[in-house]
Each structure stands twice: as C-alpha cells, then as structure tokens.
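# Overview (structure and organization)
Spelled out from the first residue to the last, the chains are:
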Amino acid sequence: MERLPSWLRQHLAALRAVAVLTVLLGLAYPLVTTGVAQVLFNEHANGSIVQAGGKDVGSALIGQSFTDADGNPVRTYFQSRPSAAGDGYDPTSSGASNLGPEDVVDVLAAPGTEGKESLLTRVCARSKAIGELEGVSGARPYCTPDGVGAVLKVFPGRAVSVNQACPAVPFVAAYQGLPVECARPGEDYAAGRTVPVRGDVRAVPVPADAVTASGSGLDPHISVAYAELQAPRVARERGLPPDRVRELIGAHTTGRALGFIGEPAVNVLDLNLALDRP
Amino acid sequence: MSTPVLEKPAHRNGRVGGGLLDPKQMIRSLPDALRKLNPATLWRNPVMFIVEIGAVFSTVLAVLDPSFFAWAIVVWLWLTVVFANLAEAVAEGRGKAQAATLRKAKTDTQARRLRDPGEPGAWELVRAPELRQGDHVIVEAGETIPGDGDVVEGIASVDESAITGESAPVIRESGGDRSAVTGGTKVLSDRIIVKITQKPGESFIDRMIALVEGANRQKTPNEIALNILLAALTIIFLVATVTMQPLAIYSKLVNPGVPDSLALNADGVSGVVLVSLLVCLIPTTIGALLSAIGIAGMDRLVQRNVLAMSGRAVEAAGDVSTLLLDKTGTITLGNRQAAEFVPVAGIGEQDLAEAAQLSSLADETPEGRSIVVYAKERYGLREREIHGAEWVPFTAQTRMSGVNLDGREVRKGAATAVMKWVRDAGGHPTDEIGHLVDGISASGGTPLVVAERGRVLGVIHLKDVVKAGMRERFDEMRRMGIRTVMITGDNPLTAKAIADEAGVDDFLAEATPEDKLALIRKEQAGGRLVAMTGDGTNDAPALAQSDVGVAMNTGTSAAKEAGNMVDLDSNPTKLIEIVEIGKQLLITRGALTTFSIANDIAKYFAIIPAMFTAVYPGLDALNIMRLASPQSAVLAAVIFNALVIIALIPLALRGVRYRPSSASKLLSRNLHLYGLGGIVAPFAGIKIIDLIIQFLPGMA
Amino acid sequence: MSTTSAGMIFIVSLIAALVLVHRPLGDYMYRVYSTARHNAVERVVYRLLGVRTDAEQSWGVYARGVLAFSVISVLVVYGIQRLQDKLPLSVGMEPVTDHIAWNTAISFVTNTNWQAYSGESTMGHLTQMAALAVQNFVSAAVGMAVAVALVRGFARRRSGTVGNFWVDLVRGTVRILLPISFAGALVLVAGGLIQNFSGVHEITTLTGGGQAITGGPVASQEVIKELGTNGGGFYNANSAHPFENAATWTNWFEIFLILLIPFALPRTFGRMVGQLRQGYAILAVMGVIALTSVLLTNVFELSGGATVPQAAGAAMEGKEVRFGVSNSATFAAATTLTSTGAVNSFHDSYTPFGGMMTLVNMMLGEVAPGGVGSGLYGMLILAVITVFVAGLMVGRTPEYLGKRIGAREIKLASLYFLVTPVLVLAGTAFAMGSPERRASMLNGGPHGLSEILYAFTSASNNNGSAFAGLTVNTPWYDVALGLCMAFGRFLPIILVLALAGSLAAQSPVPEGAGTLPTHRPLFIGMVVGVTVILVALTFLPALALGPLAEGLS
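Residues numbered from 1 in each chain as written. Chains lettered and ligands numbered in written order. Predicted model: local features only at pLDDT ≥ 70, side-chain atom pairs only at ≥ 80, totals over all residues. Heavy atoms only, no water.

## Concerning the overall build of chain A
The condition is simple: Where helices and strands are cited, they refer to DSSP runs of H or I of at least four residues and of E of at least two residues respectively, numbered from the N terminus. The atom set for the radius of gyration is the C-alpha atoms, and the globule formula is 2.2 Å times the number of residues raised to the power 0.38. Between buried and exposed lies partly exposed: a residue is buried under 20% and exposed over 50% of the maximum accessible area for its type, with that area taken using a 1.4 Å probe on protein chains only.
Of regular secondary structure, chain A possesses 7 helices and 10 strands. Taking 19 Å as the expected radius of gyration for a compact globule of 278 residues, we find that chain A reaches 26 Å, considerably beyond that expectation. Dimensions of chain A along its principal axes, counting C-alpha atoms only, are 85 × 65 × 40 Å. Here chain A holds 278 residues, and the buried ones make up 50% of them.

Structure (structure tokens):
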C-alpha cells in the first residue's frame, strides 16, 4: 500500500471508507432502528393501520377520499380536503399543486387546446361546490358567482373577464367605464393588464382548508371549522342528532400539542369510522 | 539639526494635516488625467477599466441610436473615468512639484576625485554621475557634495536645506555618528574628504524624486488585498448585471401589452441603462480613489520630512504594536540637569552651592552648565571671572573634574572616584554620604559628589528632564494599543524612575545594541510589529530587524541603509506621527470602501424601478426617492456616482480625520460616519440631482 | 389561543430548547474533534480503512481526501440507483434513469438533496437506506470536518496541518450524528413515523376505493435528513407527508433537529479558538438574521397578501392542516436558512413575499445558521470579509482571531463568495434564455421566473428545496443543476481548506487595544450588514423581476 501513488492510496482509502460506512450507516443502523422500533412502537412503525370489520381500511395518518366511483362526495361521510396527490389521496404520488399565489388566469378549453384551470378558479369552483353540498353560500372574494376567478384583462377601450368563457355573463358589466366582455376561448389576452377583482363578499362560510390542496396531498385532517360546516349535512344524511355528530367531532379533534404546537385538526378517517360504528 | 519638537504639534486638535485641495491643481492635472484614459495604463485599475469599457460601449450605442438621454449618460460615464484619473493625477502632481525642487539640487556637479585615497593632493575632475562606490572626493567650502557618502576626513558645516528644507547649517565630521553627507547638499565651510557610498543613479535624491513622483510606486500588501476584494465585487456585479438580461427579456415577453421604453424593449434593458447600472453598482468610489489615497499617504510623510523607502513600511507603521524609543533625545531632553544640592551634615547649602559652581565654571558640558545655571537661579551665585585658577578637566580615568584655586582644591564627579580622592587625601567620609548617593540613584537621578581636599561637602542631584507632553502622548499610544518601550544605557533603577515619570509601558536598561536586537526579535516572535529610531552604525542591525526602522538623517549611512524610513529632521518623536499617518492611510481606504459599498443601496432603489416599472407598475413602490422619470433616475444615479468621486478627492488626499483612540471607538465613529453616511448620502444626493435634471429635455 | 400567538410561542419554545442544548452539545463536539483518543468502534473502522490516524494532514491532503471520498461516493450512489432492480429490497422499482441517477448522486453527496425524482415511485428501500441515507450522514460529517479544519486554521499557530480528514469524518459520524439519529428516530416513530421494510400495502377505503399504503425505513432516514441538514425526503411530499412528519410535535422536533447542530457549532468554534465570546458573536449574527427571517416569513404568510390566499381566506395551499400557516412558515424559514431543503409545505404556493424570504435565506449563502459545518464556515468567511473592511477602518492590517487577513486570505474569501452568486445567476440566465427550458415552468409570469431562480439558488447553495412546480427531471436541468450542486459544494470547500492552511501557518498577532474587537455588538451588526448588502443585494435585480414584481402588483 505504501508504494502506491498517494492519489491512488487516497482513493482506495475513500473506497474502503464508503464501503465501511455504508455497512454501518446503511445497513446496521436502519436494521437496528427497525428492530427496536418494531418492538417498542409496533403499530406506529407499521403505518398506524386502522381496521373496520376486521379489514384494513387505511392509515390513521394518510387521508383518503370519501367519494363514490364517479368522484362525487359520499354525503354520509365527512369530506377530506382537495388533494393534488395523483387523482387524489394517492400515496404513491404524494405532492402539492405547486400553483402560485397569483395564478389567476385560466387557459380556457378551446377546440384543439386543452384548458388549464388557474389556482384561483380551482378555489372558486371548490367553494361553489362545497357551498352547494352544505347548503351555504360558496361565495368568496375574487370569485365570480359561477365559480371561477373574477379576473379582468384590461385593454385600452375594453376589458375581458378572462376566466368566463362566452357566452357566460361577465361578473361585472363595466370596469372603470370600460365595457367588460366574456372571454372567447383560444383568444390571446396576454397583452392586457391583469386585474383581479375582489368584489364585496363579506361572510365566507367555507373555510380555507376546504378549498386548498394540502402539501402532501395526503392530509388526514380538516379544520374544526370545516368539520362543523359539514356536521349538519352528515347528521341529516345519517339521521343522527347534530349534537351527537358535534360530539364525535370533538372526540376526534387533536388540539395543539402542549397548547401551542400546530393547529387543532379533525382526523377525517377516524371521524367517519366512528360514525360507521354502531 | 533642528530642535526636537516639545510642544504638541499643531495638528493635534485637527486632522493629521496635508495641503488643502487647490482647484487650480485640479485644472493643472487635467491633461494628465486625460492621458491616463489610455487603456494600456488604466487596466491596472480593474474597477475603472470596466467603467471605461462601459463608456466606450455606451458611446457606440449612442452613436448608433442617438438620444439626449443616451448622450447624457455617455458624457457622465466618461467623466466618471476622468474624475478617477484626476484624483490620481492630482495626488501625483503634488509629488511632482516637490520632485522639481529636488531636481534643482541635482544639477550636474563636478567632483574632484582622489586618484589615491591616501594622497589628498592628487585629484582629477570628473562629472558627478561617473562616481563609483568607494571613490574618494574632496569637497571644499562653496562646493556641492557630488554624491552620498561618509566623511572620512575633516569637519565641515553643511547646508542641507535642499533636502530637509531646514536652513540652519549642520556639522558633518569624520568618525562617529555624524559622518553621513548627502549628494546635492552644499559645504559652507572647511574642507572634507568624502567616501562615496551610493551606486551611480541611486543617490538619496534620486530615490527621493522617484518616491515623491510615485514613479516606481508598488502596491502595498493591504492595497493589493483591497484590490482583490474590489475586483471580486466588480465581477459579482458584472455577473448580476449581465445575467439580468434574459430575465428582463422574459419579463417583457410575458407582458406584451407594455410599450417599449428607453430603458426596456423586447431585446431587454437598453445597453446604456445596463452599463449605468453596472457602473453605479461596482465600487467606483473607492476604485477611483484608491491609488490617490496611497500616493497622498506617502506625500503626507514627505511633507513631514520623512522618506519612506517602501509603501509597505508606511502600512506597517499603522500596525506597529511596540515602539522602541531611545530615552535620550526622545523621551528626555538630551542631557541631565542639576536639580538639587544636598549638603552633608555640618555644611551649609550655600557653601555647597558655591563649591559646586566653582568646580563647574569651566565645565562646558551641558551638565556642568546646568549646575552653574542652577546655582545662579536658586542661590543667586553669579558667574565670576576667576584668574589664576588651574582647571582640572574630566578624564575617563579620574572621572571627575574641578579646579585648584589659591591652594583650594575642589572636585566634583562620580561618587566612587571623589570618595577615593578624599580618602587618598586622608579624609574619612561618613556613611551619610553613601546614603545620600544611594538615595539619589534610587530616585533615578545621577549623584555628583562635591568635595574639597579631605572633606566631602555634599552631593549634586542631576536629573533627566522628561520632555513636556510625553506622558500624554504615551497615554494616547496606549489607547491605540501601542506599547512603548524606553531604551537606555542607564542602570535599571535610573531607567525605572524615568520610565515611571514619562509613563512608558516598559524599559530596557543598560541596553547594548545586542539587547536591542534581542528585544525586537522577542517582540516579533510574539507576533508584534516593532518600530524604532536609530542613528548610529551600531543601531543598523536593530533598524534592519525592526518592521519600521526610522533612521535619522544626521546618522550614519549604515543606519540610513538599514532603516526603511529616513527622517530628514532627525527628530526621534516623529515616529509617533509616522504611526498615525500609517493608521490614517488604512482608515481612509477602509472608510471609503465602506462608503462605496453602502452607496449601492440607494442606487438600486433608483435604477431598478426605473428599468422595470414599465412592465411591473407595482415596482414603483421601490422608487422611494420618488424620482421624476426613469431617465432622470438613471442619469441622476450616474451623475451622483461621478460627482461623489470629485467630492471625495480632498478627503482621499488629506486622509480621514484621525484621533488616536481605541479600535472600538474608531470603528464606531467611522462606521457611523462612512457606513450610515454612505447609505444616506446618495439618497439625498440622487434626489437633489433628480430635482435639477428633470427639467432637461428627454427626461420626461 | 390565536394562531399568531401560538405560532410565536412555538418559535420561542424552539429558541429556548436550542439555548438549553447548544451548550452541552457544543462542548461535546469540541471534545469530539479535539481529543486524541479513539474509541473501540473507531479503531475498528480505521483498521478497515487502512488509514493512519496519527498523521496530521496539510490542507491539500485534507482537501484531496474530501474530494476522493466524494467522488467515490458519487460513483457508489449512482451505481446503486442504476442497479437497484438487481439488489434486494427494490420493492419493484426500476433502475433510475441515467440523468436522474447522476443528479441524485451529486445531490446527496453534496448535502443538497435536491429531488429530481419522486421517492415513493423511484427509489427502492435499499437505495434509500444504503445509498441516500448513508450520504445524509457522511455529507453532513464532511461539512463539519471542513468547518473544524477551518477553525483549526484559526486556532493553530505556525502549523502546517489542519487535522486528519478520515478521523474527522469518522468521529463526526460515529460520535455525533449516529447516536443522535438513533435516539431521534425512535422519538419520531413514537410520534407516528413508520420504520419497516414492507412494500406497498393495498387496502380498500371506506368508500370502496383502493389506496396503496407505502412502507419503508422512513424514521431512520427522516431523522438524519433533518439533523444533517440534508433534506432529501423518503417521499416526494417530503416532510409534509404524514409518514415523514406525523404529528404537530414531530414537526417541532424536526425543526429542532434541523437547527440543532448548526446553532451548537459556534460554541464548538469558540471553545476551539479558546475565546467563547467569539463563538457567541458568530452565534449572534446567525441568530439576528435567522430570527428576522423567521418572523418576516411568518408575517408574510399569516397576512396572506396575494390574490389566491385572499380568495381562500388563508395561505393554506400546499400546507397541512395539522401544522397550520405559522408552523409551516417557521419550518420553511428553518429549512432554507440551513442547507436542509426539507419542506413541510410547498414554497411554490407561498405568498410572493413569503416565498421570497425562502429564496433570500438561501441567497444569503445559508449562513444563519446554515448547513451543518457549511453554515459555520460560510459565516466565518463573511466575518473575514467584514474584518477586512472593518479592520482597515481602525487603521490596522485587518486581523481576525489574531490571524492577519492579507492578500492571500482575501483572495480565497473573495473567490468563495463569488462562487455561489455566479452559479445562481449564470444558471438562471441560461435557463431563462431558452424557450424550451422556460417550458419547464409550471406557473407563468414572474412566478415562473421565481421557479427557475429558486431551482438554481437551491442547487448552488446546496439547499435542495424547490419551488416544486418546475419540471426538472429533464436531461438539461439534471445536468445543469447537478453541476451547480457540485461546484457550489466543492469549490467553496477547497477554498475554505486553502484558507485554513494559510491561517494555520501564521503565528497569531496578540490582541491589544488597537485590535478590532470582533465580539461587540457593533461588529456583529456589521457582519449582518455585510451579509445583507454584499450578498443579498447582488440578487436584487433578479428578485425584482420575480417575487417583488409578483408581490407588488
């Protein structure tokens, strides 16, 4: 070894070092950790699997969709948040929408081009749908009554409600004296100045987490506000007294750890399982 | 030799001085500044070289696509470079004036060279530049000394005003520490033989001329380091500016509704504006003034009659943490003075005073004079003419002097010698005299025993007199973090007493040249930089070893060769000023660097909204100065950037105000002044310029 | 309690915990890197490595050790990914494509842990634990080793050597990272993280749909991902994934792990140079910047100033309910202030200014507190540059900790702080200059620009987080970002080690009244100023066209 050139010796030492450390850190360490974890925290270590009727129905930590085969909400269950993981709550494709905070202009579907909904329109559309499902107003700031982003492209002499495809009626008739038109799919409005219009919506019954996708796409929780919004509907559908449903919500709400860590959250799967339990 | 400065120099309460900037000087230097536009010389200054390239580029663009705005920018970009060159030219110009004076002294002299050094009679006439090292020349009254050398024979008074500016003639004699003569100085009396020590063309005056002209000026270590940092900043901002272009093109592309503007079109930010941004961001202020600061620093030394043989030494002076000061001449007045007459029991003070005075009447040494003066002032004893006296002079063997008058023998001198003389004459001095002598020694004084044959009368207390104001200066030094060490040949007791009185931090007693050298090495081993002054040949090794070695111009050639500075005034306290000038040089660089970098904030806020508000109207929020229009904003920033160079030339030449104080206080002061000031000043400056230029055409 | 006040207490509790722990940990690390003794495990390792542990190395030898180790590591990680289908525990994964495998190998070896892949659909269990998690350990240990070598440069006098790389590497791994990881992994499993070797577990949901519950040794990898400021998640969703970050308090714990070593190292530094107050001055600089950034990110996210957050009622897009806005913002600041790059929420959907803060944190050079080791050496470089300017202002040749900062030192420090901005800006410009590369943007307008700017900022600073909308698993991005990661990691390391060598050789200048004090508030403030003005302002034009343009519209 001593006779080898120093650079080669150094690389041999490096090779050995990688090998030795791989055995130590890449094999021994995870194996020992797994062994100990399996003994001490077996349930957690294996994914906090929950069962119903003797079958595994999910993980307490992984959110799931409570929709039917067509993707419509099952009205007897509390609904989870929107999800960007695959087609929704797909653990093999975790992730977020990654759409930006000023993503407000849709690409309208036109012959030959696929449309693309902006984040704002997604928020508005979800809000509208939830409003309808829960029987409350789905109106939000920056949203049109028909559930798209209330955004104008302003040109000299005219304005276009860029997310409202013709023949929709623009959410405002005029902007600063300019007539507002509906948007013709396929037309390029890039040259216009983008103006989101806040509108005058005050009360917004549908909470923020209900209209936004989570980071993981697997968020097992909803906010207490969203759970309470859904409670009357679930109670009605299941024929349960609303108080009983609220009681269950309370029982499956985790508060802030130590009173200040995190946010109060309702575990949807646990809550729905509890509802199913006789 | 001029007298040592006792009182605080005039600049104490103000800045370390330096000539004020004369506007005429600027105009005189303008041709030089224009000559310096030559890229072959400008590339040495990377920051300004980039500005020049930008100016050329902008000129081409302005020619191709002329507009008032583009031409206005072009003009100011060129002015930026010219102003930078002007700073350097003005700094050099001041040196040039001095060099011209020196050249007058270097008129072509003839020399009388001895054919054989042993035979003063046989000489030949040669031109001064033909003299070689080791040649011997004869110089007589009225002649100019043809080259640097040592007097090997004779003594003469020499007029050195050509180099020192001091009109009083000085004495130069063979042997000892006053043997060095400088070429170009004039012998006023007598005749000397000089051995030439310089190489042809490397005379002291030659070096001095080169020095003040900055001809072979080399960058000092800190200057090199600072240049590297400035180059790095320049590269970063160059990259930041160039890489902005694809981003700007994209931004324009995604906002197709926005019309093209002077600043931004589909090809991105216009070249002129891009260059403006770059020039405003790179550290032009310090880049423009850096070499001027260095030249001016050397110049300030020259104005104090100090010649630094390298810029490195000037910088090192700022770093000095140990100052070795010779006691005699630096800390104390050159000689001891009588401070007290202490009679032994049974002798009256008046009698002792009379005997002391009598023994000293013929003593022409400063100590002897001081005894006579003290006797007169304190005891009213007038000097008298004495006839028939037999004066006994001081010799190294007897170590005493005195007088024999009318059978009365009076002696004064070293205690042991005088006591022996008394005992030899049958006297029996008491122990009391021993106590007195020891007491005076212990207090740092020098005891001289006065006796008559067989009888001790008393003791004269000679004291070193510490110069006025020294304690304050040493306190200042301490605050600056500089340790002062007094070097003396005295015994430790004496040394300690004087050290305490003068307030130095430490002393080296009974110092030999070897001790001095060892002390320097020890300090340096501890990481300290050492400064010292010296004049004798035996100081040469220590001068060479020290980081800042200031040789006295009166000293030997060996000392002047060994040191890295020469003080033409031969004033040992000058060292303290040299340290201050060194520090001031570094502080000026640091302060202007900070100022330059801090300036960038305001310029960003001027130019970025100007470039991009058209595509993103929201960015107008960054236009916190509310500048009138994008064009006026860019132009105002460029104009400010150029004018600030002119505005700071006087500061660069004179150096920032420096008061000796601790590093913490200095940092605090300079950071507030040049850091915060550097942030605030351009906001105000750009706004004011904008208010004025907004009325120009093409600014709306 | 309101969301805001709970969020503030959350921050205060983290600070309190770090204050409590930095002292014993900092002292412990000081002993680890200073002692002459080797423990039993280490002696075995050294014998297997065949290196002489008593041989001190010059900076050049040390640097060659770092590079050799890293080159071999890249090859091994690349190889395992390409061959994973032939190895055990592949759980059905195909070999990783070549450009993603190269990008990932570089990414993990450089402590960047940029993920051009989606963990749950690309990497088998063995690749995760034997290739990726191993690099999580050793790349962190390399960072600490380099930092320690630099500190030795300051501490030593007239020395030709800066330590022994193999010893520093093994000690950092065995004595610091491994024990904390083991304990931390169990804590995380207690919080709900999984730790098994199962494949996909197919279940039928309540409403009759199918769901594939994944398995894997997640906790053991998660803990070192945070502790080693690596950030490469087991899953695509990283620390937002419930199996990586199950509970509200595991989130707290993970942030704590991220900040643990970087905030303890200044004390180690102080101990090693024999002046604790110098360590605390560095800590103060880090603390001031970090706290400012955390608070600003919280303010921007909580106020939700942008159209979509206003429409939604809160900036909840890309955030988990259990963490909420504030704790997500705190995590985002922590992960970008360090070189971690783990995310518990998706920065692409942050408010413009909130997202800008994560960018700015990285642009500062990740020095507050920065990655394990890399944060300390980055901050020391900034201190050196500050000392240079400040030192001149007190009229002395600048010196830091008794070492003169001359031309050579400034050259190395200047080159160091040139590297990352040049990589970031040149990379961004190249990407923005071509329509096909711009096609990778998910979002349009200034936000799309931010995505590309973020990618190159993250890669060049070895962070690894992303404005994840950008499609980066294309050959061009994989190669370009891979190069940014490699140059962004190893050029600075070589420069830092060269600086260490240069400093170690000097004999120190004694401190006196003329010495610039580098532990007072004034100097601390000046380092903060230099960091912000010199480093962050470089990026202002780019920021103006990205997040500023978006946020100020």
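## A closer look at the state of the cysteines
Residues and elements named next belong to chain A. What counts here: Only a pair of cysteine sulfur atoms within 2.5 Å qualifies as a disulfide here.
For the structure shown, the criterion picks out 2 disulfides over all chains. Each sulfur of the disulfide joining cysteine 124 and cysteine 143 lies 1.9 Å from the other. Across the S-S bond linking cysteine 124 and cysteine 143, the dihedral sits near -80°, which makes this disulfide left-handed. One end of the pair, cysteine 124, is in helix 3 (residues 119-134); the other, cysteine 143, is in the loop between helix 3 and strand 3 (151-155), with 19 residues separating them in the sequence. Given the relative accessible area of 1%, cysteine 124 is considered buried. Accessibility expressed as a relative area gives 14% for cysteine 143, which makes it buried. Disulfide partner of cysteine 166: cysteine 182, at an S-S distance of 1.8 Å. Disulfide cysteine 166 to cysteine 182: torsion about the S-S bond roughly 100°, handedness right-handed.

## Looking at the interface of chain C and chain A
This is how it is decided: The contact criterion used throughout is that any non-hydrogen atoms of two residues lie within 4.5 Å. Accessible-area loss on putting two parts together, using a 1.4 Å probe and summing over both, is the definition of buried area adopted here. Note on definitions: salt bridges are taken to be side-chain nitrogens of Lys or Arg within 4 Å of carboxyl oxygens of Asp or Glu. Here a polar contact is recorded for every N or O atom pair within 3.5 Å, except that within protein the pair must consist of a potential hydrogen donor and a potential acceptor, and residues adjacent in sequence are included only if both atoms are side-chain atoms.
Listed as interface residues are 102 residues of chain C and, on the opposing side, 100 residues of chain A. Buried area between chain C and chain A, summed over both chains or domains, comes out near 7,900 Å², and the portion from carbon and sulfur atoms is 67%. Together, Leu206, Glu317 and Val321 of chain C form the three largest contributors to the area buried by chain C at its contact with chain A, with a combined 10%. Viewed at the interface, chain A and chain C are joined by 1 salt bridge. When the shortest N-O distance is used, the salt bridge between arginine 322 of chain C and aspartate 219 of chain A registers 4.0 Å. For the pair chain C and chain A, the interface holds 40 residue pairs in polar contact (both at pLDDT 80 or more). At 11 residues, helix 7 (residues 165-190) of chain C tops the list of elements feeding residues into the side of chain C that touches chain A.

## Looking at the sheet that holds strand 2 (residues 123-127) of chain B
Residue and element names in this part refer to chain B. The condition that has to hold: Strands were regarded as paired on the criterion that DSSP finds at least two bridges between them.
The 6 strands lie next to each other as 2-1-3-9-4-7, forming an open sheet whose pairing is antiparallel. Sheet topology places strand 2 and strand 7 (180-181) at the edges, where each strand pairs with a single neighbour. Two elements, strand 1 (residues 110-114) and strand 2, share 5 bridges in a ladder whose sense is antiparallel. Counterpart to glutamine 110 in the pairing with strand 2 is arginine 127.

## Some remarks on the domain arrangement of chain A
Basically, it comes down to this: Just so you know, the domain bounds were taken from an automatic or database domain assignment.
Structurally, chain A comprises domain 1 (6-45), domain 2 (49-96 + 214-278) and domain 3 (98-212). For domain 1 of chain A and domain 3 of chain A, the distance between their C-alpha centres works out to 53 Å.

## Observations concerning helix 7 of chain C
Residue and element names in this part refer to chain C. Our working definition: By this rule the span expected of a helix is its residue count minus one, scaled by 1.5 Å. At any given residue, the bend is defined as the angle formed between two axes, one fitted to the seven residues that end at that position and one fitted to the seven that begin there.
Here helix 7 contains 26 residues, and its C-alpha end-to-end distance of 36 Å stays within 8% of the 38 Å for a straight helix at 1.5 Å per residue. Roughly 35° is the biggest bend found in helix 7, and it falls at leucine 177, with proline proline 179 one to four residues downstream. The buried count for helix 7 comes to 20 of 26 residues, which makes it a mostly enclosed element. Sitting at the head of helix 7, asparagine 164 places a side-chain oxygen 2.9 Å from the backbone nitrogen of tryptophan 166. Note on helix 7: the residue one or two positions beyond its end, glycine 192, has a positive phi of about 125°.

## A few points about the environment of glutamate 244 of chain C
Residues and elements named next belong to chain C. Mapped onto the elements of the fold, glutamate 244 is located in the loop between helix 8 (218-227) and helix 9 (248-272). Given the relative accessible area of 0%, glutamate 244 is considered buried. Along the sequence, glutamate 244 and glycine 232 sit 12 residues apart, while their C-alpha atoms lie 11 Å from each other. Once residues lying within four places of it in the same chain are set aside, the contact partners of glutamate 244 are Leu193, Val218, Glu222, Lys225, Gly233, Phe234, Tyr235, Asn238, Ser239 and Glu254. Within the structure, glutamate 244 has its side chain in polar contact with the side chain of lysine 225 (distance 2.6 Å).

## Focus: the layout of surface pockets
Residue and element names in this part refer to chain A. This is how it is decided: Points on a 1 Å grid over protein atoms alone make up a cavity when a 1.4 Å probe fits among them but cannot get out, and a pocket when they form an open set with protein on both sides within 12 Å along at least five of seven lines; lining residues each have an atom within 4 Å of a point. Grid points are joined across faces, edges and corners, and a volume is the space filled by probe spheres set on the points. Three classes are used, and their members are as follows: Ala, Val, Leu, Ile, Met, Phe, Trp, Tyr, Cys and Pro are nonpolar, Asp, Glu, Lys and Arg are charged, and the others, Gly among them, are polar.
Looking at the second largest pocket, its volume works out to about 840 Å³. Sort the elements by how many residues they give to the lining of the second largest pocket and helix 3 lands first, with 5 residues. Among the residues forming the lining of the second largest pocket, the class breakdown is 12 nonpolar, 16 polar and 6 charged. Residues lining the lining of the second largest pocket come from more than one domain, with at least three contributed by each of domain 2 (49-96 + 214-278) and domain 3 (98-212).

## Quick word on the sheet that holds strand 20 (residues 483-487) of chain B
Residues and elements named next belong to chain B. Rules: Every angle, taken between N-to-C directions, lies between 0 and 180 degrees, and every axis is a line fitted to C-alpha atoms, over only the stretch in contact when it is a helix.
Here 7 strands make up an open sheet; going across it, the order is 12-24-23-22-13-20-21 and the pairing mixed. At either end of the open sheet lies a strand with only one pairing partner, and these are strand 12 (306-308) and strand 21 (506-508). Averaged over all neighbouring strand pairs, the angle between strand axes comes to 20°, with direction disregarded. In this structure, strand 12 lies alongside strand 24 (residues 565-567), joined through 3 bridges in antiparallel fashion. Note on strand 24: the bridge partner recorded for valine 306 is aspartate 567. Relative to the sheet, helix 9 (residues 284-303) contacts strand 12 and strand 24, its axis offset from that of strand 12 by approximately 140°.

## Brief notes about the packing of aromatic side chains
This is how it is decided: Ring geometry is summarised as follows: Phe, Tyr and Trp rings, the Trp one being its six-membered ring, pair when their centres sit within 6.5 Å, and such pairs are stacked at plane angles under 30 degrees, edge-to-face over 60 and tilted between the two. A ring is considered to have a charge above it if a Lys NZ or an Arg CZ atom is located within 6 Å of its centre and within 35 degrees of its normal.
Taken as a whole and assessed by the stated rule, the structure comprises 21 aromatic pairs over all chains. With 6.2 Å between their ring centres and 40° between their planes, phenylalanine 605 of chain B and phenylalanine 683 of chain B make a pair best called tilted. Remark: phenylalanine 683 of chain B occurs in helix 22 (residues 663-693) and phenylalanine 605 of chain B occurs in helix 20 (residues 574-612); sequence separation between them is 78 residues. An aromatic cluster of three or more residues is present, and its members are Tyr62, Phe69, Phe165 and Trp166 of chain C. The ring of tyrosine 379 of chain B is capped by arginine 378 of chain B, whose NZ or CZ atom sits 5.9 Å from the centre of that ring. Lying over the aromatic face of tyrosine 350 of chain C, lysine 319 of chain C brings its terminal NZ or CZ to 4.0 Å of the ring centre.

## Thoughts on the nonpolar core
Test applied: Here, nonpolar core refers to any group of buried Ala, Val, Leu, Ile, Met, Phe, Trp, Tyr and Cys residues whose side-chain atoms link them within 4.5 Å.
Counting residues in hydrophobic clusters, the biggest one holds 371 residues, and the most contacted among them are Phe612 of chain B together with Phe69 and Tyr400 of chain C. Top contributing element to this core by residue count: helix 20 of chain B, with 21 residues. Composition of this core by domain shows at least three residues from each of domain 1 (6-45) and domain 2 (49-96 + 214-278) of chain A. When neighbours within four sequence positions are excluded, tyrosine 400 of chain C is seen to be in contact with Phe154, Phe269, Gln278, Ile282, Leu380, Ala383, Val384, Val387, Ile405 and Thr518 of chain C. Within the second largest apolar cluster, 46 residues are counted, among which are Ile222, Ala227, Leu229 and Leu275 of chain A.

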